[in-house]
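Observations on the three-dimensional arrangement
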Amino acid sequence: MDVNAAVAAVAAIAGLLTGVIAMLAFRWSERDQARPTRTSLHTDAVLPPGVDTVLSVLRSSAVVLDEGDAVVKASSAAYALGLVRGGKLAVEPMLQMARDTRRDGEIRQVELDLPRRGTGRGEALAVSARVAPLGSRLVLLLVEDLTEARRIEAVRRDFVANVSHELKTPVGALSLLSEAVMDAADDPEAVTRFAGRMQIEATRLTNLVQELIDLSRVQNDHPLEDAEPVRVQELVAEAIDRSRHTATTKNITMAAGGATDLRVWGHRGQLAAALGNLVENAVNYSPAHTRVGIAARRVTAPGGDLIEIAVTDQGIGIPDKDKERIFERFYRVDPARSRATGGTGLGLAIVKHVVASHGGEVTVWSTEGQGSTFTLRLPEAAAGRDRTRDGRGTGSDITTEPFTAPEVLP
């Protein structure tokens, strides 16, 4: 009987121990499941409610770091900028900022220049980084790309500096010449000579101010809002007429040719100014007794037919090192020659902006001593589908089929 009681007692104790062990194992399992793992730290669940949605709509690059400096959340822009690589923040100064903020809870901000990914050149990516605590364990890093803003600011500074210089030159000359006229009041010949120089400088100043106004207008206007079909023949005739006097003085022949009845879609005044600038440059930079040709044709392109208008001269040409910069504002290949011709350095910049705003492009071919060809490519208007010959013009820069007016200037 005692033996049976002992066995029963042992069985009861064993059952109790089994139950206790099972309960402890269950509790331990629950603790394991509740404890954050390395993997779980990288899931959206660790972010405070609503943070993920806010980060997804921010324009800035966003990175969330945990207490181990591992990336919990990163926006696509952060990967594009190269801030995150292999699940880690790849920029050491930003990583140090995050650690300092985690330690003392202070918000920090700094501007950095980072190497641009995928380029072998020494181009820098300008960014502004701001670090702030996010809850008790996380740190939020916001990075704003300032590269384009800095570029625009640099362009603005250069533009202001160039405008100031260009305006001071004729204004200073007018001031000196006016003093010279006053001092030479008793010398009619000197007064006439100085007055002539004053007229030249005043004309240069007027042209500069007008081109500044034109450049500002084409940069701010929306030409396609007032767009209409514009006949290329009329644009060419207007451009030739604009340079008629200078060409006659230098005995330069101007010939127009190519396909007829072509139309482009755009703002007539701006297109006329752009083509007029190209023809004027061709005449100004060509020696006497040479030829300037303007030809138009239709070319087939994947997005629709384009109209090409080429202006060819037999002038001094453009060095290879200057071809990439000639469309910059105030850039001159030969400043001394530009002063002699009255150039402001804004004509080609206006051409570039006008063509770009009309959905086209401008290209240049040039060889020193042989001349240059500037080509405008613009979308064709729906009207005016008549073609000459094979429907694409002759394809040459100067053709034997002239426009109706004006045809040739002797």
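It should be noted that the structure appears before, not after, this text.
A brief look at the structure comes next. Not measured: the values here are computed from a predicted model.

Moving on to the overall build of the protein chain. When you go through the protein chain residue by residue, the secondary structure sums to eleven helices and 15 strands. In the protein chain, the share of contacts with a sequence separation of at least 24, taken over all contacts with a separation of at least 6, comes to 65%. Split by element, the accessible area of the protein chain, about 22900 Å² in all, is 55% carbon and sulfur.

For the structure on display, the rule yields one cavity of 30 Å³ or more. Estimates place the volume of the largest cavity at around 40 Å³. If you go around the largest cavity, the residues you meet are Leu278, Asn281, Ala282, Val311, Asp313, Leu348 and Phe374. Per element, the largest residue contribution to the lining of the largest cavity is three residues, and it comes from helix 9 (residues 268–284). The residue makeup of the lining of the largest cavity, split by class, is five nonpolar, one polar and one charged.

With that out of the way, let us pick up the packing of helix 7 (residues 232–242) against helix 9. Following both chains from N to C, one finds helix 7 and helix 9 inclined at 50 degrees, their axes separated by 8 Å at the closest point. Taken together, the axis directions place helix 7 and helix 9 in an arrangement best described as oblique. Pair helix 7 / helix 9 crosses with right-handed handedness. The segment helix 7 lies against helix 9, with Glu234, Leu235, Val236, Glu238, Ala239 and Arg242 engaging Arg268, Leu271, Ala272, Ala273, Leu275, Gly276, Asn277, Val279 and Glu280. For the contact of helix 7 with helix 9, a count of residues per class yields eight nonpolar, two polar and five charged.

On to the environment of Asp100. Tracing the backbone shows Asp100 in helix 4 (residues 92–104). In this structure the C-alpha to C-alpha distance between Asp100 and Val131, which are 31 residues apart in sequence, comes to 9.4 Å. Setting aside residues no more than four positions away along its own chain, Asp100 makes contact with Gly105 and Arg108.

For the rest of this paragraph, the subject is the environment of Asp113. Considering the arrangement of structural elements, one finds Asp113 in strand 5 (residues 108–115). For the pair formed by Asp113 and Ala126, sequence separation is 13 residues and the distance between their alpha carbons is 4.6 Å. Each residue touching Asp113, except ones within four places of it in the same chain, is listed here: Ala124, Leu125, Ala126 and Arg150. Polar contacts involving the side chain of Asp113 include one to the side chain of Arg150, which spans 3.0 Å.

How each quantity is defined
- Residues numbered from 1 in each chain as written.
- Predicted model: local features only at pLDDT ≥ 70, side-chain atom pairs only at ≥ 80, totals over all residues.
- Heavy atoms only, no water.
- Helix = DSSP H or I, 4+ residues; strand = E, 2+ residues; numbered from the N terminus.
- Contact = heavy atoms within 4.5 Å.
- Areas by Shrake-Rupley, 256 points an atom, 1.4 Å probe, with all protein chains shown as cover.
- 1 Å grid on protein atoms, 1.4 Å probe; cavity = no way out; pocket = protein on both sides within 12 Å on 5 of 7 lines; lining within 4 Å.
- Points joined across faces, edges and corners; volume = space filled by probe spheres on them.
- Nonpolar A, V, L, I, M, F, W, Y, C, P; charged D, E, K, R; others polar.
- Axes fitted to C-alpha atoms, helices over the stretch in contact; angles between N-to-C directions.
- Parallel < 35°, antiparallel > 145°, perpendicular 65-115°, else oblique.
- Left-handed = near helix turned anticlockwise from the far one by under 90°.
- Polar contact = N/O pair within 3.5 Å; in protein donor to acceptor, adjacent residues only side chain to side chain.

Function cannot be read off these values alone, since they describe shape.
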